[in-house]
Amino acid sequence: MGKAVAIIGTGQTKHGRRSDVCYPDLVKEAVSAALMDAGITLKDIDGVVLGTMPSMMEGVSSTHFYFAEAMGAVGKPVMKVETCGSTGQSIGHCGFFWVASGMADIVLVVGSEKMSEGDGQATMTTVFDPFFQRTFAAGAPGVFTMQSMEWMYRFKIPEEKGREAAAMISVSNHDNAMDNPYAHIRTRVTMDDVKNARVITYPVRLLDVCPASDGACAVVFASERTAKKICKKPAWIKGLGFRGEEFFYGESDKAIWMSATEAAKEAYQQAGIRNPMKQLDVAELYNPFTYQEMIFYECFGFCPRGEAPDYVLKGAFKKGGQLPCCPSGGTLCTNPIGATGLIRLAEAALQVTGKAGARQVEGAKLALSHAMGGVDQFNAVTILGSKL
Amino acid sequence: MSKEEYRIVKGQVMVPYELALGRTWSEFYDYLKEEKIMGKKCGKCSRVLVPPRSFCPRCFEDMDEWVEVSQEGVVETWVYVNMPFFAQEIKIPFISAQIRLDGSDTGFIHQVAGIDLSDFDSVRETVKLGGRVKAVWSKEKKGNILDIAYFEPVK
Ligand SMILES: [Zn+2]
């Protein structure tokens, strides 16, 4: 694991359609909030990590150049990391690696996206290979629907049961987002609203799918010595895991999903977690699609394979349930992709430090955060705890 | 000046590319012209991969052996696409499907067509997970993936 590392500050923009700011100013908003939360200034930062989606998203290449000032990176080492949807977790891991190696004392990690400025699904299409599969791609909805259909078929989950559980996930995420002042979509929806919403890619409907958001998130990582000196309540990094799979869709089994399963397993091992459902107090999953959220429950060992809909219908993952998931309203209600995985990490840090406001899970001490990227190809998990 | 008055500027980036297929994929498309679907077999793990690869992704061994796979297979999963996406070649509605061709060890992504696609409820009666489909060839071969026009349900 290297040396101990803590998160000592987080900052988020108000997410949504942010035509009121240019892209660098959006980034600056998150960075300023994180510095203020950590009680530090730019001078204290030894290095900066940035992550976003591919350049096609906003039409500006290599945005760590564009954001140098907004991230306070002038005169400092800077690196950019991209792993598509899992970018936000990957950059968090890089912040950890940098400090855990002892080469830096304080590192600023920034994730951002301004999706209202481009065509998110066109950008996703360019992630597919140009010769074989891109022709049949239908953005992210196409892939996630294929995966969900395969999963339901494999485990003989009746269509109505899957539909009911997915609708419940949508309702509870939307309810949770009402408690989150940063969330993009803040409206309550009913089971009927979800089940009657416009079909995107059957059986996935509009309210099963995340929005395209503008937003940024910044997180400050610090060494044990510094965290103990300047931060009253640090969130300690207890474990992290990352796994990738083969590139071509269809080559690996997405109903079992090795990368999600193994990334969690590695993080659990480091964090000493044997029974995630018992030991974890809260989880911030990357859930752009309701049906897919259930596959993650199974990969992360929250329930046996094929039983996620039963657990959902019993309310196991709702607020006040056995393991509350996405009290922030999750990716389903806010998705500025390059920032999203880092928002999961920031939300987990807020939870274990008791700073999550109205969305606080009472007494949360151990939290899971997660993100998924590419054509179902990469998964990343980070576990945070209130104690070192 | 109010927030609503801040200006938005239109922009566009267009970049042409010339992409090399390399030997393995060039040969794959040559075989498609002869209406043969060919995979590559790994000498170590014996898996047959379609699309073929120059090396086995799991064993990291060069794959030298071409194997013809069946033009029929099983639908492992599918999706009915009725929403337009940027630069989409195929007109909506269409069906993307993952098909396990007999004699191969991977899912092959293509489209299922040759049936009335306008009404989703009737499509659901015809296209099934676990159902069998077979390749229908394009008359004119252009050396791309649509040389296989589509897969149609086997009656
Ligand atoms: Zn092999």
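Quick note: structure is the one above.
An account of the accompanying structure is given in this report. (Residues numbered from 1 in each chain as written. Chains lettered and ligands numbered in written order. Predicted model: local features only at pLDDT ≥ 70, side-chain atom pairs only at ≥ 80, totals over all residues. Heavy atoms only, no water.)

1. Examining the overall build of chain A
Line of reasoning, step 1. Looking only at helices and strands, chain A has 14 helices and 11 strands in total.
Line of reasoning, step 2. With respect to the principal axes defined by its C-alpha atoms, chain A has extents near 55 × 45 × 40 Å.
Line of reasoning, step 3. The 388 residues of chain A split such that 66% are buried.
Line of reasoning, step 4. Counted over contacts in chain A with a minimum sequence separation of 6, partners at least 24 positions apart contribute 77%.
Line of reasoning, step 5. Surface exposure of chain A reaches about 13000 Å², of which carbon and sulfur atoms provide 55%.
Line of reasoning, step 6. Between the averaged position of the 39 positive side-chain charges in chain A and that of its 40 negative side-chain charges there is a distance of 7 Å. (Helix = DSSP H or I, 4+ residues; strand = E, 2+ residues; numbered from the N terminus. Buried < 20%, exposed > 50% of the residue type's maximum accessible area, 1.4 Å probe, protein only. Contact = heavy atoms within 4.5 Å. Areas by Shrake-Rupley, 256 points an atom, 1.4 Å probe, with all protein chains shown as cover. Lys, Arg positive; Asp, Glu negative; His and termini not counted. Charge placed at Lys NZ, Arg CZ, Asp CG, Glu CD.)

2. Some details on the layout of surface pockets
Line of reasoning, step 1. Empty space within the largest pocket amounts to approximately 1900 Å³.
Line of reasoning, step 2. In terms of lining residues, the largest pocket is bounded by 49 residues, among which A:Met56, A:Ala122, A:Thr123, B:Val13 and B:Phe86 are the most central.
Line of reasoning, step 3. Of all the elements, helix H4 (residues 120-125) of chain A adds the most residues to the lining of the largest pocket, at three residues.
Line of reasoning, step 4. Estimated volume of the second largest pocket: approximately 600 Å³.
Line of reasoning, step 5. Taken together, 33 residues line the second largest pocket, and the ones lying closest to its centre are A:Gln121, A:Val209, A:Cys210, A:Pro211 and A:Ala212.
Line of reasoning, step 6. Looking at the lining of the second largest pocket, its residues break down into 23 nonpolar, eight polar and two charged. (1 Å grid on protein atoms, 1.4 Å probe; cavity = no way out; pocket = protein on both sides within 12 Å on 5 of 7 lines; lining within 4 Å. Points joined across faces, edges and corners; volume = space filled by probe spheres on them. Nonpolar A, V, L, I, M, F, W, Y, C, P; charged D, E, K, R; others polar.)

3. Re the coordination of the zinc ion
Residue and element names in this part refer to chain B.
Line of reasoning, step 1. For the zinc ion, the full set of protein donor atoms is Cys42 (SG), Cys45 (SG), Cys56 (SG) and Cys59 (SG), at a range of 2.3 Å.
Line of reasoning, step 2. Around the zinc ion sit four donor atoms, and with donor-metal-donor angles ranging over 105 to 113 degrees the site reads as tetrahedral.
Line of reasoning, step 3. Spacing between the donor residues of the zinc ion along their common chain follows C-x2-C-x10-C-x2-C. In this pair, Cys45 is assigned in the loop between strand E1 (38-41) and strand E2 (48-49) and Cys59 in the loop between E2 and strand E3 (65-68), connecting sequence segments 14 residues apart. (Donors = N, O, S within 2.8 Å, 3.2 Å for Na, K, Ca; no water. Tetrahedral: all angles 85-135°; square planar, octahedral: opposite > 155°, others 65-115°.)

4. Examining the sheet that holds E1(B)
All names here are of chain B.
Line of reasoning, step 1. Spatially, E2-E1-E3 is the arrangement adopted by the three strands of the open sheet, whose pairing is antiparallel. Both edges of this open sheet fall to E2 and E3, since each of them pairs with a single strand only.
Line of reasoning, step 2. Strand direction decides the pairing type here: E1 and E3, joined by four bridges, are antiparallel. Counted as the bridge partner of Lys40 is Trp66 from E3.
Line of reasoning, step 3. Each of E1 and E3 touches helix H1 (residues 22-33); the most contacted strand, E3, lies at about 25 degrees to it. (Pairing = 2+ DSSP bridges. Axes fitted to C-alpha atoms, helices over the stretch in contact; angles between N-to-C directions.)

5. A look at a negative patch on the surface
Line of reasoning, step 1. A cluster of like negative charges, contributed by B:Glu61, B:Asp62, B:Asp64 and B:Glu65, occupies part of the molecular surface.
Line of reasoning, step 2. Within the secondary structure, B:Asp62 sits in the loop between E2 and E3. (Patch = residues over 30% accessible without salt bridge, like charges linked within 9 Å, V, L, I, M, F, W, Y side chains within 5 Å. Salt bridge = Lys/Arg side-chain N within 4 Å of Asp/Glu carboxyl O.)

6. Describing a nonpolar patch on the surface
Line of reasoning, step 1. Residues B:Val13, B:Val15, B:Tyr17 and B:Leu19 make up a contiguous nonpolar surface patch of roughly 450 Å² in combined accessible area.
Line of reasoning, step 2. As for its position among the elements, B:Val15 is in the segment before H1.

Nothing here speaks to function; it is geometry throughout.
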